[in-house]
Amino acid sequence: MNVYDSERMADVLAPLGYRTVDTPDNADMVILNTCHIREKAAEKVFSELGRVRQMQDRRRAGGEDMVIGVAGCVAQAEGEEIVRRAPFVDIVFGPQSYHRLPEMVARAARASGRAVLETDFDVVEKFDRLPKTPPAGSGPAAFLTVQEGCDKFCTFCVVPYTRGAEYSRPAADILDDARRMAAAGVCEITLLGQNVNAWHGEGPDGGDWSLGRLIRELAGIPGLARIRYTTSHPLEMSSELIAAHRDVAELMPYLHLPVQAGSDRILQAMNRRHDRDTYFRIIDRLRESRPDLALSGDFIVGFPGETDRDFEQTMDLVRRVGYAQAYSFKYSPRPGTPAAALGAQVPEDVKSARLQALQDLLNSQQLAFNRTSVGRTMDVLLERKGRVDGQLVGRSPYMQAVHVAAPAHRLGRIVPVTIAEGKANSVSGHIPATHAEDAA
Ligand code: 5AD
Ligand code: SF4
């Protein structure tokens, strides 16, 4: 979502004459778009700011200036502290305020020496005021925010505080955006939201639509070949959405469905509102709908009170489900969240050992999944040039990175690729001879 937000900031600033550059050193403006989800990400902001300040000093020594902005969830949660600790920062603004960037830039120019701080929560106004251009800099695959915020209040998580309450954009606006993106050459859309499968809204027909219904409608847009959505909560996997995985060919057979932990005790302490069996049942129903569905997830190890037995339940869940890919983290206490105040915090070395064991298992599953692709021919959307000359990199339907020898003019296209090798983080293959020379 931060990538998407950064692209929107570029859109908003374009009419003022700003364009994005590859390196910050000599920029007129530098915006750090920040993440508050774990302590490490939040800490990085202050060290990065130190580096940016040196760039600002060098620009000023040469008679030029550099506007420094801090955006995103660290700005939302720790705006006052940023202003205090880093007085050279000109603008500090949260994730729901960036449509006001032009005003903030103008105010910063007048304010000389005092930072402009914007941490309002008006998400409706934001979407109404964002420019309606196709997203800046997006290739054939692009993001589209349909939902923001979260009302789930998992006890470890800052999102409900930094991104605010759940909000679903109206279906008509989303369909308009998608049509515009498709017309501009986007063929894969990833629908975004912190709780994307909780999306619901009034459809153009006046009915109450779920995400499953929206996906069916999006699939009818000419040019849109692939649809994905992320990130989901297990309890919001409605029957209509599960059925969409069976019926909608454009909906890719890959789902990121975080479970966080495998022990019922820990799931309850996390306020996840479901147990492990409920998760297994949802996975079973999804696999009945779409047998080749590849799954991804998020896991937290070392939540307060997690015992070796609890952790073993997470390992057992992972073995039973089998993931094609996953993200796993050590629990990081976040200020203001209920779990941070719990006793029985798990020692760092225990967290590290559990993370290692979990990641070894997840990595072995990912490698096994990539190896089962060998010999299969699958559609790959070629998204960028590879590091090796003559090589392009794309995505399989299952989100695998695919390396393939192909000429650059095929970028942006979906081509069949026969997979020859499966590695830890990617697969590689070739375009079958019958397709190698079709019209460029
Ligand atoms: N500590 C560790 N991981 C966290 N996540 C969210 N909050 C925390 C935390 N306090 C992880 C969850 C979530 C992902 C985006 O980040 O796994 O799904
Ligand atoms: Fe955070 Fe996701 Fe839980 Fe919401 S559902 S509180 S975003 S982990």
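For the structure, check the block above.
Let us look at the structure shown here. (Residues numbered from 1 in each chain as written. Chains lettered and ligands numbered in written order. Predicted model: local features only at pLDDT ≥ 70, side-chain atom pairs only at ≥ 80, totals over all residues. Heavy atoms only, no water.)

1. Re the state of the cysteines
Item 1. As enumerated under the stated definition, the model contains zero disulfides in all.
Item 2. With no disulfide of its own, C73 has C35 as its nearest cysteine by sulfur position, at a separation of 6.7 Å. (Disulfide = S-S within 2.5 Å.)

2. Observations concerning the packing of helix α7 (residues 171-183) against helix α8 (residues 211-219)
Item 1. It is at 11 Å that the axes of α7 and α8 come closest, and there the two elements cross at 30°. Considered as vectors, α7 and α8 are oriented roughly parallel to each other. Handedness of the α7/α8 crossing: right-handed. Judged by residue contacts, A171, I174, L175 and A178 of α7 engage L214, E217 and L218 from α8. (Axes fitted to C-alpha atoms, helices over the stretch in contact; angles between N-to-C directions. Helix = DSSP H or I, 4+ residues; strand = E, 2+ residues; numbered from the N terminus. Parallel < 35°, antiparallel > 145°, perpendicular 65-115°, else oblique. Left-handed = near helix turned anticlockwise from the far one by under 90°. Contact = heavy atoms within 4.5 Å.)

3. Describing the side chain of H274
Item 1. Relative to the assigned elements, H274 resides in the loop between α10 (264-269) and α11 (276-289).
Item 2. When residues no more than four places from it in sequence are discounted, the contact partners of H274 are H233, P234, L235, V259, L267 and Y279.

4. Considerations on the nonpolar core
Nonpolar side chains tend toward joint burial in soluble globular proteins.
Item 1. Counting residues in each nonpolar core, the largest one holds 52 residues, and the members touching the most others are L191, L211, L214, I215, Y229, M237 and Y323.
Item 2. The element that contributes the greatest number of residues to this core is α7, accounting for six residues.
Item 3. Residue contacts for L211: discarding those within four places in its chain leaves L191, V196, N197, W199, Y229 and L241.
Item 4. M29, I91, A108 and V123 belong to the second-largest nonpolar core, a separate cluster that totals 20 residues. (Core = buried A, V, L, I, M, F, W, Y, C linked by side-chain atoms within 4.5 Å. Buried < 20%, exposed > 50% of the residue type's maximum accessible area, 1.4 Å probe, protein only.)

Purely spatial values, then, with no claim about function.
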